[in-house]
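Here are the chains, one letter per residue:
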Amino acid sequence: MKIAIIGFSNSGKTTIFNALTGLGLPTSSYPSTSGEARQGVVNVPDERIDKLSLIFKPAKTTFAAVDYVDYIGFTKGDTKQNAKVHAHIKDADALLQVVRAFEDPAVPHPLGETDPMRDLRSLEAELVIGDLVLVEKRLESIEESIKKGRKEKVSEAEKAVLVKCREALEAEKPLREIQFSPEELKAVRHLEFLSIKPQVVVFNVAEEMLSDKKTDELLAAARELLKGNAAALSMSGKIEMELAQLSPEEQQAFLSDLGIEEPALRRLIKVSYGLLKLISFFTAGEDEVKAWTIKEGTTASKAAGKIHSDIEKGFIRAETVSYDDFIKCGGSMAEARKLGLFRLEGRDYPVKDGDIINFRFNV
Ligand SMILES: Nc1nc2c(ncn2[C@@H]2O[C@H](COP(=O)(O)OP(=O)(O)OP(=O)(O)O)[C@@H](O)[C@H]2O)c(=O)[nH]1
Ligand SMILES: [Mg+2]
């Protein structure tokens with residue numbers, strides 16, 4: 001799973017990427033206009049894994065992980081430059097939009113004054129325009145094929161979805177607001193639209209704005225604007241980056257000084273994971289406690305295939321106990337079995353978030 005960080009330049013994309021990944025890419029007050037997209041792995045924090053690790057004391061603990069990508073910013077009104085950004089991030093499963101909400105005369109803003117809602121609207125507009133260009137190009141090439149009588153290159157189904165997309169985009173609606181059937185989505189998947197991807201908006205606020213009425217108003221306005229599969233949060237990129245460089249103990253002390261229960265970064269990672277409709281099931285033993293990432297609704301045999309194709313092929317059953325039941329039983333498998341909380345599920349069982357599973361299989 002991959003999440004691309006987008007936004008205008010100097011909004012703090014690289015700062016937040018560094019905070020997320022613990023990497024130390026250079027940040028600067030002049031805009032980056034070229035270079036390679038950079039990728040980093042981010043563990044998805046999960047208190048349940050922390051607790052399972054305490055119980056099983058495994059040799060190894062593995063969290064679910066998501067890749068984050070940092071690239072150059074969007075430029076207002078520059079469709080060509082923005083198409084370049086699209087080319088580098090189009091395979092992402094979701095977007096993380098960083099919106100500048102901090103004021104700092106030393107960091108020039110590409111659009112002049114700091115105005116987060118204007119930036120959010122402008123960037124949404126750039127996503128919409130970019131997708132509209134893709135739709136129109138594709139419709140033109142379909143028309144061309146019809147004229148030339150090259151029927152094999154024409155899909156009526158695709159054309160119908162493109163027309164539906166064009167209507168929405170011309171009305172300045174991001175595609176994530178529109179309902180599509182799975183077949184419709186499949187017909188246009190190859191175009192890899194940006195405005196259709198789930199999106200988390202992060203307002204990068206100044207430290208003193210972290211718990212301020214103005215920030216709350218900003219979040220409310222953004223939530224009003226964003227429809228479909230989207231969310232809005234605020235954080236101080238600068239603080240999060242500094243925090244990420246501390247040891248876990250130091251972080252804890254720092255946060256309790258500030259009266260913060262959960263670092264904003266943890267919340268951001270969790271919200272993004274949820275937006276992707278991802279859930280985790282666990283395997284737990286002395287060797288390893290591990291969170292496995294699956295899409296909501298994945299069946300037990302497919303989930304087994306995540307671990308190894310042999311387990312999927314030779315699937316017999318999934319011995320399953322929910323995390324909550326397991327903890328209720330004092331973290332004892334024997335107790336869970338005795339109380340009948342241990343279930344034997346078949347191959348078509350839709351795995352639930354927090355299931356602890358032991359797969360039985362034949363090789
Ligand atoms: N005062 C202040 N400065 C910040 C904050 N976050 C980032 N900056 C500064 O803003 C500048 C730009 O930050 P980057 O993280 O490089 O921004 P970016 O979005 O990656 O910019 P491009 O890669 O050029 O598109 C740097 O000088 C950062 O130190 C913040 O919360 N407060
Ligand atoms: Mg950058």
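As shown above, the structure is provided for reference.
It should be emphasised that the depicted structure is a prediction, and the values quoted were computed from it without experimental measurement.

Novice: When you look at the sheet that holds strand β1 (residues 2-6) in this model, what are you seeing that I'm missing?
Specialist: The strands making up a sheet associate through backbone hydrogen bonding, with each pair oriented either parallel or antiparallel. Strand order in this open sheet of six strands is β2-β4-β1-β5-β6-β7, and the pairing throughout is mixed. The outermost strands of the open sheet, each flanked by one partner alone, are β2 (38-43) and β7 (230-235). Taking the axes of each pair of neighbouring strands and ignoring which way they run, one obtains an average angle of 25° across the sheet. Of the pairings in the sheet, the one linking strand β6 (residues 199-204) to β7 comprises six bridges and is parallel in character. Bridged to V202 within β7 is L233.

Novice: Can you walk me through the site of ligand 1 in this structure?
Specialist: Every one of the 21 residues lining ligand 1 counts as a neighbour, but K13, T14, T15, S32 and D104 are closest to it. In this structure, an oxygen atom belonging to ligand 1 sits 3.2 Å away from a main-chain N or O atom of S11. The side chain of T14 places a nitrogen or oxygen atom 2.8 Å from an oxygen atom of ligand 1. When the free accessible area of ligand 1 is taken as 650 Å², the share hidden by the protein chains comes to 90%. Ranked by residue count, the leading element in the shell around ligand 1 is helix α1 (residues 13-21), at three residues. In terms of residue class, the shell around ligand 1 is made up of six nonpolar, 12 polar and three charged.

Novice: Quick question: what am I supposed to make of a negative patch on the surface here?
Specialist: Together, E136, E140, E167 and E170 make up a region of like negative charge exposed at the surface. If you list the elements that add at least two residues to the negative patch, you get α4 (116-147) and α5 (156-170). The exposed category is assigned to E167, whose relative accessible area is 58%.

Novice: Even after reading the chapter, I still don't get the packing of α1 against helix α8 (residues 237-244), so can you show me in this structure?
Specialist: Interhelical geometry of α1 versus α8 gives an angle of 30° and a closest axis separation of 8 Å. Between α1 and α8, the crossing angle belongs to the class labelled roughly parallel. Of the two elements, α1 crosses α8, and the hand of that crossing is left-handed. Where α1 approaches α8, its residues T15, I16, N18 and A19 are matched on the opposing element by G237, K238, E240, M241 and A244. Grouping the constituent residues of the contact of α1 with α8 by class yields four nonpolar, three polar and two charged.

Novice: Where do I start with the pattern of salt bridges in this structure?
Specialist: Enumeration according to the criterion identifies 20 salt bridges in this entry. In this structure, E143 and K159 form a salt bridge, with 3.4 Å as the shortest nitrogen-oxygen distance. Here E143, found in helix α4, pairs with K159, found in helix α5; they are 16 residues apart in sequence, far enough to count as distant. Given a relative accessible area of 36%, E143 falls into the partly exposed group.

Novice: Mind showing me how you'd approach the side chain of R176 here?
Specialist: Locating R176 in the fold gives a position in the loop between α5 and α6 (182-188). The class for R176 is buried, based on a relative accessible area of 7%. A polar side-chain atom of R176 sits 2.9 Å from a polar atom in the side chain of E124. Residue contacts for R176: discarding those within four places in its chain leaves E124, L127, S195, I196, K197, Q199, L226, K227, G228, N229 and A230.

How each quantity is defined
- Residues numbered from 1 in each chain as written.
- Chains lettered and ligands numbered in written order.
- Predicted model: local features only at pLDDT ≥ 70, side-chain atom pairs only at ≥ 80, totals over all residues.
- Heavy atoms only, no water.
- Pairing = 2+ DSSP bridges.
- Helix = DSSP H or I, 4+ residues; strand = E, 2+ residues; numbered from the N terminus.
- Axes fitted to C-alpha atoms, helices over the stretch in contact; angles between N-to-C directions.
- Near = heavy atom within 4 Å.
- Polar contact = N/O pair within 3.5 Å; in protein donor to acceptor, adjacent residues only side chain to side chain.
- Areas by Shrake-Rupley, 256 points an atom, 1.4 Å probe, with all protein chains shown as cover.
- Nonpolar A, V, L, I, M, F, W, Y, C, P; charged D, E, K, R; others polar.
- Patch = residues over 30% accessible without salt bridge, like charges linked within 9 Å, V, L, I, M, F, W, Y side chains within 5 Å.
- Salt bridge = Lys/Arg side-chain N within 4 Å of Asp/Glu carboxyl O.
- Lys, Arg positive; Asp, Glu negative; His and termini not counted.
- Charge placed at Lys NZ, Arg CZ, Asp CG, Glu CD.
- Buried < 20%, exposed > 50% of the residue type's maximum accessible area, 1.4 Å probe, protein only.
- Parallel < 35°, antiparallel > 145°, perpendicular 65-115°, else oblique.
- Left-handed = near helix turned anticlockwise from the far one by under 90°.
- Contact = heavy atoms within 4.5 Å.

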